[in-house]
Amino acid sequence: MEFLKNSWWKIFGVIILLYVIAGGLLFEAPQLPVIRESVRNIYFHVGMWFSMMFILFMALFFSLLYLRYFRPDDDLKAVTAVKTGLVFGTLGLLTGMIWAHHTWGSFWVNDPKLNGAAVGMLTYLAYMVLRGSVDEQDKKARLAAVYNIFAFVLFFVFIMILPRLSQGSIHPGIEGNPALSTGDLDPRMRKVFFPAIAGWIIMAWWLFRVYFRILRLRKNIDELNEND
Amino acid sequence: MLSEIGHMIRKEITLEWREKFAFNGVLLYLVSTVFVCYLSFARLIDVPTWNSLFWIIMLFAAINAVLKSFLQERDGRLLYYYTLLRPQSIINAKIVYNAVLMAALGMAGLLVFVSFMGNPIQNMPLFMLNMLLGVAGFSSVLSMVSAIASKARNNFTLMAVLSFPLVLPLLLVLIRVSAAAIGGAGLMEEIPNLFVIVLLTGITLVLSNILFPYIWKE
């Protein structure tokens, strides 16, 4: 019972994702010109971006908490979230590039949505570089938290405003959240799409928790070694 | 608050005047880059390239100019400010001062650039307005990043790496507006884009004022 009590959401997430993978590949999907069967990628590609945004929001939240209470654990949570976010960001880019290769004919096209994604990745890689160049623990945490908040707000404004200003994007979902607005998505796909989003977010949360425990253990080991 | 900012700005200008070589250095950097571009491109350069080249050169010159704004402050002097001023006064003064510095740099840069690469600009007032707004935006982002980078090792690389993704949104809008200005678009057509520049600058200013105190306290 103890196991079920602590891990019911993990089991739930795994079941959802198994359903998404099976259903995403097997269920009926609309046959659109050019896109054809690759439309199934929506369950994976969009899920990656939703999880990334979710986890980056968490990073922002923990950075704010750190600047409020200066607890080292909050800083560690913020880094963990950024690293997890980078994993999902990379996966989102990769799934997107494969998709773009099949439908638009090249791995990368000059488009506000894609460039926004690239800028986001660059921002968080810069965040990691910043952490690497400061030695003192609390100074590192403080500077990183400040940069994270600063960068997140600008990044968010960028991906929200710029695509709307430019005359056109070939990436769908120009007026807001891709695939979420009701007219956008074929009703047959919704029964896999919404579980997919939930499943990937659960997976991101799980990954974050495991990663956080690993990083905390590693940090504790380092501190013990220093004290010897 | 305002008088504190005023005093800080006056101090910055005095210092800059005493150490003219720093500003001259950036100016020379600007002229050299323009000259390198002039030599490496053919004389007849198409307008989009002209435009992007101008802004890329401006961006690098701006990063160079702002880089030293916090590095030159030694620890002792920072401690002295700490007893005198509110942190917000310091960051605001730096932002205003850097904006003025960059505006001067931008004007000089434009002059050099136009004389080497030719002048395709049809709507000069709009181009200037765009440049001045852009300079204010650059200054607010870069001053804050310079404050962060000055606390860490290998500053120049870090400054560039940290500021590129943050400046990029602004840079894209600036390039778009200045392309329109070169093409001879009227002021009214570009109001939405100019508004975005002002909005981005405003957001950056607010964030700088909230976040700077956390960087500053050791």
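All of these numbers come straight from a predicted model, not from anything done at the bench.

What counts and what doesn't
Residues numbered from 1 in each chain as written. Chains lettered and ligands numbered in written order. Predicted model: local features only at pLDDT ≥ 70, side-chain atom pairs only at ≥ 80, totals over all residues. Helix = DSSP H or I, 4+ residues; strand = E, 2+ residues; numbered from the N terminus. Buried ≥ 20, exposed ≤ 12 C-beta atoms within 10 Å, placed from the backbone. Contact = placed C-beta atoms within 7 Å. Rg over C-alpha atoms; globule rule 2.2 N^0.38 Å. Nonpolar A, V, L, I, M, F, W, Y, C, P; charged D, E, K, R; others polar. Expected span 1.5 Å × (residues − 1). Arc of directions from axis to C-beta. pLDDT = per-residue confidence, 0-100. Core = buried A, V, L, I, M, F, W, Y, C linked by C-beta atoms within 7 Å. Axes fitted to C-alpha atoms, helices over the stretch in contact; angles between N-to-C directions. Parallel < 35°, antiparallel > 145°, perpendicular 65-115°, else oblique. Left-handed = near helix turned anticlockwise from the far one by under 90°.

Enquirer: What is the right way to read the overall build of chain A from this model?
Expert: What chain A contains, in helices and strands, is six helices and zero strands. Along its sequence from the N terminus, chain A presents helices and strands in the succession α-α-α-α-α-α. For chain A, with 228 residues in total, the buried portion stands at 34%. For chain A, the proportion of contacts with a sequence separation of at least 24, taken over those separated by at least 6, is 75%.

Enquirer: Even after reading the chapter, I still don't get the overall build of chain B, so can you show me in this structure?
Expert: Looking only at helices and strands, chain B features eight helices and zero strands. Reading chain B from its N terminus to its C terminus gives the helix and strand order α-α-α-α-α-α-α-α. For 218 residues, the compact-globule estimate of 2.2 N^0.38 gives 17 Å, and the C-alpha radius of gyration of chain B, at 18 Å, lies within 12% of that figure. The principal-axis extent of the C-alpha atoms belonging to chain B is close to 55 × 35 × 30 Å. Burial analysis of chain B (218 residues in total) assigns 40% to the buried set. For chain B, the proportion of contacts with a sequence separation of at least 24, taken over those separated by at least 6, is 86%.

Enquirer: Even after reading the chapter, I still don't get the interface of chain B and chain A, so can you show me in this structure?
Expert: Interfaces are often described in size by the accessible area the parts lose on coming together. Chain B puts 24 residues into the contact, and the matching count from chain A is 24 residues. Split into classes, the residues belonging to the side of chain B that touches chain A amount to 20 nonpolar, two polar and two charged.

Enquirer: Whenever I open this one, helix α2 (residues 20-40) of chain B confuses me. Can you help?
Expert: Each turn of an α-helix holds 3.6 residues, which means side chains three or four residues apart point in the same direction. Residue and element names in this part refer to chain B. Here α2 is 21 residues long and its end C-alpha atoms lie 30 Å apart, about the 30 Å a rise of 1.5 Å per residue gives. Burial in α2 covers these residues: Val26, Leu30, Thr33 and Val34. Take α2 and look down its axis: the buried residues cluster within an arc of 95°, on one side only. Residues Lys20, Phe21, Asn24, Leu28, Ser32, Phe35, Val36, Leu39 and Ser40 are exposed on α2 and point more than 90 degrees away from its buried face. Along its buried surface, α2 packs onto α3 (47-71) and α5 (87-117).

Enquirer: Explain the confidence of the model for chain A here, please?
Expert: For chain A, the average pLDDT comes to 85, and 90% of its residues sit at 70 or higher. Mean pLDDT across the elements of chain A ranges from a minimum in helix α5 (residues 137-165) of chain A, with 85, to a maximum in helix α2 (residues 42-69) of chain A, with 92.

Enquirer: When you look at the nonpolar core in this model, what are you seeing that I'm missing?
Expert: One broad trend across soluble globular proteins is that nonpolar side chains are buried collectively. Tyr147 of chain A together with Ala62, Ile148 and Leu162 of chain B are the most contacted members of the largest nonpolar core, which totals 113 residues. Not counting chain neighbours up to four residues away, the residues in contact with tyrosine 147 of chain A comprise Tyr127 and Leu130 of chain A together with Ile148 and Leu162 of chain B.

Enquirer: Help me out: how do you make sense of the environment of leucine 174 of chain B in this one?
Expert: Residue and element names in this part refer to chain B. Its place among the elements puts leucine 174 in helix α7 (residues 155-182). Residue leucine 174 is classed as buried on the basis of its 27 C-beta neighbours within 10 Å. Linking leucine 174 and valine 141, residues 33 residues apart in sequence, is a C-alpha distance of 14 Å.

Enquirer: Sorry if this is basic, but what is going on with unusual backbone geometry here?
Expert: At phenylalanine 70 of chain A, a residue that is not glycine, the phi angle is positive and equals roughly 50°. Looking at phenylalanine 70 of chain A, the number of C-beta atoms within 10 Å reads 14, which means it is partly exposed.

Enquirer: So what exactly am I meant to see when it comes to the environment of serine 133 of chain A here?
Expert: Locating serine 133 of chain A in the fold gives a position in the loop between α4 (112-132) and α5. For the pair serine 133 of chain A and methionine 203 of chain A, spaced 70 residues apart in the sequence, the C-alpha separation amounts to 31 Å. Among residues more than four places away in sequence, those in contact with serine 133 of chain A are Ala152, Arg153, Asn154 and Leu158 of chain B.

Enquirer: Would you explain the packing of α3 of chain B against helix α6 (residues 124-149) of chain B in this entry?
Expert: To characterise two packed helices, one gives the angle between the axes of the helices and the distance between these axes. All names here are of chain B. Where α3 contacts α6, the axes come no closer than 8 Å and their chain directions differ by 45°. Relative to α6, α3 is oriented oblique. Here α3 and α6 pass one another in a crossing that is right-handed. Residues Ala62, Ile63, Val66, Leu67, Ser69 and Phe70 of α3 pack against Phe138, Leu142, Ser143, Ser146 and Ala147 of α6.

Enquirer: Which parts of the structure should I look at to understand the packing of α4 of chain A against α7 of chain B?
Expert: Close contact between α4 of chain A and α7 of chain B brings their axes to 9 Å; oriented N to C, the two are set at 155°. Classed by the angle they form, the pair α4 of chain A and α7 of chain B counts as roughly antiparallel. Along this stretch, α4 of chain A crosses α7 of chain B, giving a crossing that reads as left-handed. On the side of α4 of chain A, the interface is formed by Val119, Leu122, Thr123, Ala126, Val129 and Leu130 of chain A, while α7 of chain B contributes Leu158, Val161, Leu162, Phe164, Pro165 and Leu168 of chain B. The residue inventory of the contact of α4 of chain A with α7 of chain B, partitioned by class, reads 11 nonpolar, one polar and no charged.

Enquirer: Would you mind going over the confidence of the model for chain B with me for this structure?
Expert: Interpretation of this model should avoid reading the predicted coordinates in detail wherever pLDDT is low. Residues and elements named next belong to chain B. Put simply, chain B has an average pLDDT of 86, and 98% of its residues get 70 or more. For chain B, helix α4 (residues 75-84) is the element with the lowest average pLDDT, namely 78, and α6 is the one with the highest, namely 92. Our summary of model confidence lists the complex with pTM equal to 0.87 and ipTM equal to 0.87.

Enquirer: Any chance you could explain the environment of proline 120 of chain B here in plain terms?
Expert: All names here are of chain B. Inspection of the secondary structure puts proline 120 in the loop between α5 and α6. Judged by C-beta crowding, with 14 C-beta atoms within 10 Å, proline 120 ranks as partly exposed. Filtering out sequence-adjacent residues up to four positions away, proline 120 remains in contact with Val47, Trp50 and Ile182.

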